[in-house]
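Listed below, chain by chain, are the residues.
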Amino acid sequence: IYGVLDMSRVIFATTLAMTFLHERLSVGQMIGMPMVLLGLFLLRLIKGSKEANEKVSAKTVIFALLSCALNAFSGFLDKVLMKDVTSAQLQIWYMFFLVLLYLAFLLIKRTKIDWKAISKNYWIPLLAVMFIIADKCLFIANSYPESKITIMTLIKQSSCFVTIALGRIVYKEKNILKKSICAGVVLAGIIIAIL
């Protein structure tokens, strides 16, 4: 299921870009996109984790697919909104709505925050800073008129390299060579699509 969801994000984003922004796939993209999808799928197959064998309810699949569709729609909106606002303005509004949503979630769920534990965990502020930097880069990329959602969606899949590297360093995960080969297929697909 997880491999299918990885592919769904790419397919949803590409469909939106082609339908509403009239983006067209080049020959390179038509060759590169299936390679990226294949690499992502193979990565999930060789994970060897319990989650690969877990049974997933229909409700979980529906919500996961809805999440993928909304994620793709969010990327589509970023590109559309960039015609009228700057990357800085869009990021400020994005962060503002994100804070409101998280606050609403905390209030509805009545979740208590352990500020002491948060202050001792250096990963949390590091993650927050990296999240802001990553979004800034994405919004700047969206601000260029010649940038395409179809290409940026494929480039985003290069995050698998970070996942593999940190999985090895932090969690001592195995099968790194196999995972690296699959990530290589993803990278080759991205390069072919960009050229």
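Residues numbered from 1 in each chain as written. Predicted model: local features only at pLDDT ≥ 70, side-chain atom pairs only at ≥ 80, totals over all residues. Heavy atoms only, no water.

Trainee: Help me get a handle on the packing of helix α7 (residues 149-156) against helix α9 (residues 176-194), residues and values and all.
Mentor: Between α7 and α9, the shortest axis-to-axis distance is 9 Å and the interhelical angle comes to 160°. Relative to α9, the element α7 lies roughly antiparallel. With respect to the hand of their crossing, α7 and α9 are arranged in left-handed fashion. Contacts from Ile151, Leu154 and Ile155 of α7 reach α9 at Ile190, Ala193 and Ile194. (Axes fitted to C-alpha atoms, helices over the stretch in contact; angles between N-to-C directions. Helix = DSSP H or I, 4+ residues; strand = E, 2+ residues; numbered from the N terminus. Parallel < 35°, antiparallel > 145°, perpendicular 65-115°, else oblique. Left-handed = near helix turned anticlockwise from the far one by under 90°. Contact = heavy atoms within 4.5 Å.)

Trainee: Summarise the state of the cysteines; cite the residues concerned and give the values.
Mentor: Scanning the model with the defined rule gives zero disulfides in all. No disulfide involves cysteine 137; its sulfur sits 18 Å from the nearest other cysteine sulfur, which is in cysteine 160. Take cysteine 137: its relative accessible area is 49%, and that puts it in the partly exposed class. For cysteine 160, which is in no disulfide, the shortest distance to another cysteine sulfur is to cysteine 182 and amounts to 9.0 Å. (Disulfide = S-S within 2.5 Å. Buried < 20%, exposed > 50% of the residue type's maximum accessible area, 1.4 Å probe, protein only.)

Trainee: Help me get a handle on the layout of surface pockets, residues and values and all.
Mentor: Unfilled space is identified by rolling a water-sized probe across the atoms. By volume, the second largest pocket is sized at about 590 Å³. In terms of lining, the second largest pocket is formed by 14 residues, of which the most central are Leu98, Val99, Tyr102, Ile124 and Ala128. For the lining of the second largest pocket, the secondary-structure elements that each account for two or more residues are α4 (87-109), α5 (115-120) and α6 (123-143). Broken down by element, the lining of the second largest pocket gets its largest block of residues, seven residues, from α4. Residues of the lining of the second largest pocket, tallied by class, amount to 14 nonpolar, no polar and no charged. (1 Å grid on protein atoms, 1.4 Å probe; cavity = no way out; pocket = protein on both sides within 12 Å on 5 of 7 lines; lining within 4 Å. Points joined across faces, edges and corners; volume = space filled by probe spheres on them. Nonpolar A, V, L, I, M, F, W, Y, C, P; charged D, E, K, R; others polar.)

Trainee: Provide a residue-level description of the side chain of aspartate 78, including the pertinent values.
Mentor: As for its position among the elements, aspartate 78 is in helix α3 (residues 58-81). Look at aspartate 78: it is buried, it has no salt bridge, and the nearest opposite charge is lysine 156 at 6.1 Å. Other than its neighbours up to four places away in sequence, aspartate 78 contacts Leu90, Leu138, Phe139 and Asn142. (Lys, Arg positive; Asp, Glu negative; His and termini not counted. Salt bridge = Lys/Arg side-chain N within 4 Å of Asp/Glu carboxyl O.)

Trainee: For the confidence of the model for the chain, give the residues involved together with the corresponding values.
Mentor: In this model, the chain carries a mean pLDDT of 88, and residues with pLDDT of at least 70 account for 93%. Taken element by element, the predicted model of the chain shows its lowest mean pLDDT in helix α1 (residues 2-20) (84) and its highest in α4 (93). (pLDDT = per-residue confidence, 0-100.)

Trainee: Got a sec to walk through unusual backbone geometry? Specific residues and values, please.
Mentor: Backbone geometry places arginine 110, a non-glycine residue, at a positive phi of 55°. Here arginine 110 shows up in the loop between α4 and α5. Overall, the relative accessible area of 72% leaves arginine 110 in the exposed class.

Trainee: Give me the lowdown on a nonpolar patch on the surface, citing residues and values where you can.
Mentor: Taken together, the side chains of Tyr122, Trp123, Leu126, Met130, Val162, Leu166, Ile169, Val170 and Tyr171 make up a nonpolar region of the molecular surface, amounting to roughly 990 Å² of accessible area. If you list the elements that add at least two residues to the nonpolar patch, you get α6 and α8 (159-171). Ranked by the residues each element gives to the nonpolar patch, the list is headed by α8, at five residues. Examined against the element boundaries, tyrosine 171 turns out to sit in helix α8. (Patch = residues over 30% accessible without salt bridge, like charges linked within 9 Å, V, L, I, M, F, W, Y side chains within 5 Å. Areas by Shrake-Rupley, 256 points an atom, 1.4 Å probe, with all protein chains shown as cover.)

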